[in-house]
Structure formats: C-alpha cells, structure tokens
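# Topology and contacts: notes
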Amino acid sequence: MKAFAVTVLMLFKHYFRDRTSVFWGLVFPLLLMGLIGLAFGRGENLSFAVGLVDEGGGPLTQGLRHGLAQVPVFRLTDEEDEASALDALRRGRRTLVVVIPPVGTGEAVRVYYDQARLQESRTAMVILDRFIAEANLRIAGVKPALRVQATGVAAARRVRFFDFLLPGILAMTVMNSGLNGLTWVITEYRQRLVLKRVLATPVHPLAFLGGLVARYAATNLVQLAVIIVIAVVAFHATIVGSLWTLTGLALLGTLVFVGMGIAVSTVSRTPESANLLGSALSFPMMFLAGTLWPREYMPAFLQPVISALPLTPLVEVMRAVAARGEAVSVYWTSLLYLSAWGLASFVLAAWRFKWE
Amino acid sequence: MAALALQVRSLVKRYGALTAVAGVSFDVARGEIFGILGPNGAGKTTTLEMIEGLRRPDEGTAVVDGVDVRADPRGVRARIGVQLQEAAFFERLTVEETLTLFGAFHRRATSPQALIERLQLGEKRKAWAGTLSGGQRQRLSIALALVNDPQIMFLDEPTTGLDPQARRNLWDVIAEIRREGRTVVLTTHYMEEAERLCDRVAIMDHGRIVALDTPRALIREHTPGTTIAVSISGGAEGLDALPGVRHVELEDGETLLSSTDPIQTVHALMDLDRQGALHFHRLRVEEATLEDVFLHLTGRRLRE
C-alpha cells in the first residue's frame, strides 16, 4: 500500500514537471476550445444589421420603418444616403441595406445584400420578403386566409455553444491522456529500463502499475478542474449537472483510455511508434465522436462508425450530464459499452505486457 | 543464515537457437567480492539476471542467501541489492525523491539522507536524476541497490562508460561496501577492475565459465609468466636457454622473453651484457594480467 501511495505521489510530481505534458493536458484543450468557440460559437445570437435609407419620408415610409423595427432579428440603423449605406455594406458592417423610395414614384423598394455572406443575407432577405408581403396585404386590406402561429419550444435550458463544447473537450482530454500520453510514457520507461529497475525490487508489479494508473486519474482530475474553471471564467461556459457525476465519468474514462494506452504500448517497441499509433487512434476520434461539434454534422455513412468509437459514449454521457443536467442512469447502455472497451483493453494489455 | 551467500547450479538460458548461458555453476562465500569477467555477449548479464530472479532460467537454479530463486524470485529480490547495467531513472525526480520512491518498494529502507551522504551525492540531493553526470548516476544506482541494506549485492558493469577518475571513485565505494561485510557479485569487462577489486574471478566466454580462481592463481596458471622485453643489438640466439625462460619471440623490434623466474632471467641477461656477448639498450618487465589469461584461454582479447 505504501509502495502504491508513494508511486502515485512521485509520478504525479514527475508529470507536472514536464512542460510538454502540461501543454497537451492543459494548454492544448483550452486553445482548441477557444479556437473552435471563435469559429462556430457566434451563430447563437442570430441578428442582422439592416441599414435603412429613407428617400421619401411619407407615412408609408414611417409605417415600414416602424414595422421593420418590430422584427426582432433586425438591428435597424438609419443611413444618411444610399452611397454611405452601401459603403458600410461593403465593409461588412451591414447585412442588408433597404432603400425606401419617395412615395408615389412607383419605384421598387431596393435591397442590397452582402454577396460574401450569402447565407446570412438570404436568411435576412427571406425575413424581409415576408415582411413586405405582409405589409402589402395589410395595405390592400386583404385578410389572409391562412395564418401560421409558431411557438418556439425551448429546451429545459438553453444550451450555449461553450456549454456544448466543454464536456467534449473534457472527454477528449481524458482520451488523450491515455492514447497520447501513456503510450509514450510506458514505452519510454520500458525502453530505458526504468520498468526493469522497478521490477528488480520486491515490489508487487501491480502496486507500481496501479500507481501509474492512479497517477493518470489524479492528473486528469486536476487538468479537468483547471479546464472547467477557465472555461467558466473566460468563456462563460456553464455546467448544470453534478460535478461528482462528472468526476466519476472522468475516472471511468481514464481507466478505459489508460487501458487502451497500455494495450497500444504492448505492440510498439519505441515511444515514437507507440505514440504514433496512439495518435492514429485518438485523432480521428477527436473529430468524429461529436467532441467538437454535433456528430449529426458528419455524413450518414459515418454514423455507424461513430457509434462504435469508444470516445462517443464518453462524450455523449459527459455532455448529457454537464450541459443538460441529465441523470447518468438513462445512459447505462452507453456506459456499459464504454466499460467493455476498457475491459477488452486491459485483457489485451495483461496478456501482452512486457517489462523490458 | 546460510553458510554460502550464493550457490549457482548449472544455469542455462536459451534464446531460440542461441544459448546465451550454457551451464554455469559457482559458489560465492559471505563477504567475498566475486567478479565475472568476459567480453560483451559472453552471458554475464543474463547469468546475473537469472540469479536476481529477473529472468527465469531454462535449466538449473541459484540459491541466494538460502532462498531458491526459481521457487521465490521476489523473496530473493527482497534480500539482495541490484544495480542494473544502463538502467535509467525517472528523469524529473530528484535524487532524494528517487531514493524515497525505491525505498517504498522495500519492506524496510535506509533513509535517503543516509544514502546520499554515503554516496557523496549531497550537492545533488535536489537535482533531477536526468541531470546527473555518468559517475553520479552510477553512484545513485548503487545507492538504490543499498536502499534495503542488503547483505548481498549484484553490480552489473558498475564502471562501464565512466572516465578513469569516476571509475576510481566507484572502486572506493565498492571497497567500502565490502568492508561492511557485504557480499558483492559484479560483472566487468575491465581486467584491471577485476584484479583490483575481486577476491575471485570467473572468466566467461560464449556462455560458459572457462576459468575460476583468484586473480593471482589465474595469472600463475594460465599465462606463461612474466614477460621481459629487451631491445638487443646482436643475435637473440641462445636466449631460450637462459634460466626461467620458457618462450622467446620478436615483436616490433623487441625481444620478448616469457619467464617463470624473472629475477634469474634478468641476472643472466646482465651477465651476458657484461661479458659482451650481447648488448641491450632497454629492458622492461611486464607482469602478466587477466587480459593475458583471457587471451591464453580464448585466443582473443577482452575488448575487440
């Protein structure tokens, strides 16, 4: 027991004295979260900057203006003239510019949009079209035969992008500790005969290996805690589920991926090749398993593959708990599947493990 | 306490078609420094590792301090101190932490502080193991072997790769260990090391022990004696008839006389010089070494 405890303590120190491991365990996940958040995280506040050029000034214009201001997703700006409005559009400050002609001229209401942001512009156009059509009907005094009443059904809680991203990043960090970190560490210890030196003492091999696994559990919990704190403070992410449940999931994930790491290390002679093999497994999972964006973004033919990956259930359950506050018990099949991966890895590792 | 520190009986280890160790037997008495001398690949390390319980012998066994290594390898490891050839440490643990960690692997352990003082690692107490010099690493390695205060120690090529200064320093450490009454089994391919440190030496080649005795007895038995090298003007005829001379050969312009009685031979040479029968400019007397023993037994040099 003493051997186990001292092993955990010493290997813990040994880990945090290594700058590269701190990079991969802490800086990289945070960097990734920041970058992905910058790239995809802004779509949540859908709004369009609409510049309004009023050439008429009559009651119709007043009506239109008033109406447009009612559309919740339009942020209306009054422009001085058409030229300065178009200039603002070209510089990306506006999504649409609407020019209302003087009354009675019969001229069309002119709309300019940003071709560089076609999708955004189109969405805004559709909304504007609807608005104009409605206005026409009102002016003509026609009572629409068909009406739509749309009611948005909000989820129990609105999930912001960083709330979605954070559990994925946490699961990824757990995976990398096993597949990228441990594969290197254990093959290096073996190649440089550190394992052999340990074996040359009367310590039970499992006390040492157990200590190594526990060290991963400890360092992962520290890393995840730091990531969570920074995500909450800097990215305003929130975790609604139980932190204890998340801790439990992180520990289960650590066991599974550390087991896979040891299994990988048994087929490689050098740290380099073990690490390469570990990365070859972890990298695709990082992008496929719904870690950084919803797995539904991936094509249909990949979905069965994604379902088979061991990272997928970990991401799924951690996200359900962290972002939506669901109970883990709902996901017992996912957890069972994840555990099966862990068990298989440990069986393979125990069967093939070599000390030198 | 068993009378013998170590009894090795017919150890055999095969790797596929290669027989690394082909039936090695010897005994080591308590308090003895026993050396295994041989070139790289002779089977020294494999032999040691079978005795230490790190490798399972295919045949034979070893009894270490009364414990049969085949029956209880971990029991053997608890009683011995092991220094491994070329094994590394946890690079980012300090000297002190390394000793604490390995101390925790034993039932009882000497305090890191005491070991640090013994091995003169005081200045490096807080230094990471990865930053130590070759000599310091070997001293830390020996400190690790001493952590459980063992009565029997195994040192595998303790001075390989060290500069002469660090090597001498380590010889003092080993001599000190012996003064404390511990038994030491060491391997080396430096014959000078074996001659200086060891009470008895086993010479190994191709997985077998080809000779085993005290260094002096080995030299006496397996070398033609002392070599007297002279540069002579005049013929070398008749030199083989001088007292003690067993063999004469010419090498690089020198005449090499192998003698079993060097004093008589030198006297005879002096007489010949005074009589004017020959004239010699230089004379060197070289004691035979274990290197010569090895050359004699195997036809090869130790480091080739």
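Basis of the calculations
Residues numbered from 1 in each chain as written. Chains lettered and ligands numbered in written order. Predicted model: local features only at pLDDT ≥ 70, side-chain atom pairs only at ≥ 80, totals over all residues. Heavy atoms only, no water. Helix = DSSP H or I, 4+ residues; strand = E, 2+ residues; numbered from the N terminus. Rg over C-alpha atoms; globule rule 2.2 N^0.38 Å. Buried < 20%, exposed > 50% of the residue type's maximum accessible area, 1.4 Å probe, protein only. Contact = heavy atoms within 4.5 Å. Buried area = accessible area lost by both parts, 1.4 Å probe. Salt bridge = Lys/Arg side-chain N within 4 Å of Asp/Glu carboxyl O. Polar contact = N/O pair within 3.5 Å; in protein donor to acceptor, adjacent residues only side chain to side chain. Nonpolar A, V, L, I, M, F, W, Y, C, P; charged D, E, K, R; others polar. Phe/Tyr/Trp six-rings, centres within 6.5 Å; stacked < 30°, edge-to-face > 60°. Lys NZ or Arg CZ within 6 Å of the ring centre and 35° of its normal. Pairing = 2+ DSSP bridges. Domains from an automatic or database assignment. Axes fitted to C-alpha atoms, helices over the stretch in contact; angles between N-to-C directions. Expected span 1.5 Å × (residues − 1).

### Thoughts on the overall build of chain A
Counting its secondary structure elements, chain A contains 13 helices and four strands. At 29 Å, chain A has a C-alpha radius of gyration far larger than the 21 Å of a compact globule built from 356 residues. With respect to the three principal axes, the spread of C-alpha positions in chain A is 100 × 40 × 35 Å. In chain A, buried positions account for 47% of the 356 residues. Restricting the contact set of chain A to residue pairs at least 6 apart, pairs at least 24 apart contribute 78%.

### With respect to the interface of chain B and chain A
Contact with chain B, which involves 29 residues of that partner, is made by 26 residues of chain A. Of the roughly 2700 Å² buried where chain B meets chain A, counting both sides, 61% is carbon and sulfur surface. Counting across the chain B and chain A interface gives five salt bridges. Summed over the shared surface of chain B and chain A, the number is 13 residue pairs in polar contact (both at pLDDT 80 or more). At the level of secondary structure, the elements contributing two or more residues to the side of chain B that touches chain A comprise α2 (73-79), α3 (95-103) and α5 (134-145) of chain B. For the side of chain B that touches chain A, the leading source of residues is α3 of chain B, giving four residues. Counted by class, the side of chain B that touches chain A contains 15 nonpolar, five polar and nine charged residues.

### A short note on the packing of aromatic side chains
As enumerated under the stated definition, the model contains 15 aromatic pairs over all chains in all. Ring geometry for F161 of chain A against F162 of chain A: centres 6.4 Å apart, planes inclined by 65°, an arrangement best described as edge-to-face. Taking 4.6 Å as the distance between ring centres and 10° as the angle between the ring planes, the aromatic pair formed by F26 of chain B and F34 of chain B counts as stacked. For the pair formed by F26 of chain B and F34 of chain B, the shared burial category is buried. Over the ring of Y216 of chain A we find R215 of chain A; its NZ or CZ atom is 3.8 Å from the centre of that ring. The ring of F164 of chain A is capped by R319 of chain A, whose NZ or CZ atom sits 3.6 Å from the centre of that ring.

### Considerations on the pattern of salt bridges
Under the definition given, this model contains 29 salt bridges over all chains. For R192 of chain A, the salt bridge is made with E91 of chain B, and the minimal N-O distance between the two is 3.1 Å. Here R192 of chain A is found in the loop between α6 (161-191) and α7 (194-199), whereas its partner E91 of chain B is found in the loop between β6 (80-83) and α3 on a different chain. Classification of E91 of chain B by relative accessible area gives partly exposed; the value is 31%. Where salt bridges share partners, they join R118, D149, E180 and R182 of chain B into one cluster.

### Comments concerning helix α8 (residues 215-222) of chain B
When α8 of chain B is considered as a whole, its buried residues turn out to be P215, A217, L218, I219 and H222 of chain B. Residues of α8 of chain B that are buried sit in contact with α7 (191-197), β9 (200-205), β10 (208-213) and α10 (290-298) of chain B.

### Remarks on the pairing of strand β12 (residues 245-251) of chain B
Residue and element names in this part refer to chain B. Examined bridge by bridge, β12 and strand β13 (residues 254-259) share six bridges and lie antiparallel to one another. By the bridge assignment, V248 is partnered in β13 with L257. The antiparallel hairpin formed by β12 and β13 contains two residues in its connecting segment, where D252 sits at a positive phi of about 50°.

### Remarks on the domain arrangement of chain A
Taken domain by domain, chain A consists of domain 1 (2-41 + 160-352) and domain 2 (46-140). Domain 1 of chain A and domain 2 of chain A are separated by 51 Å when their C-alpha centres are compared.

### Looking at the sheet that holds strand β2 (residues 74-78) of chain A
Residues and elements named next belong to chain A. Pairing in this open sheet of four strands is mixed, and the strands run β2-β1-β3-β4 from one edge to the other. For this open sheet the edge positions go to β2 and β4 (110-113), each flanked by a neighbour on one side alone. Strand after strand, the sheet turns through a mean of 25° between neighbouring axes, direction not considered. By the bridge criterion, four bridges tie strand β3 (residues 96-100) to β4 in an arrangement that is antiparallel. In the strand pairing of β4, V99 is matched with R110.

### Let's talk about helix α1 (residues 2-16) of chain A
Taking 1.5 Å per residue as the helical rise, α1 of chain A with its 15 residues ought to reach 21 Å, and the 22 Å between its terminal C-alpha atoms agrees with that figure. Along α1 of chain A, the residues that are buried comprise A3, V6, T7, V8, M10, L11, H14 and Y15 of chain A.

### Looking at the sheet that holds strand β1 (residues 4-15) of chain B
Residues and elements named next belong to chain B. Within the open sheet, the four strands sit side by side as β2-β1-β4-β5. Their pairing is antiparallel. Where the open sheet ends on each side, the last strands, each with one partner, are β2 (18-29) and β5 (67-68). When β1 meets β2, the two strands line up antiparallel, connected through nine bridges. In the sheet register, V12 faces β2, and the bridge partner there is A22.

### A short note on the environment of L251 of chain A
Residues and elements named next belong to chain A. Position of L251 relative to the elements: it lies in helix α9 (residues 243-266). Overall, the relative accessible area of 32% leaves L251 in the partly exposed class. Those residues within four positions of L251 in sequence are excluded, and the remaining contacts are A217 and L221.

### Some points on the domain arrangement of chain B
Under the domain assignment, chain B is made up of domain 1 (4-220) and domain 2 (225-287). Distance between the C-alpha centres of domain 1 of chain B and domain 2 of chain B: 43 Å.

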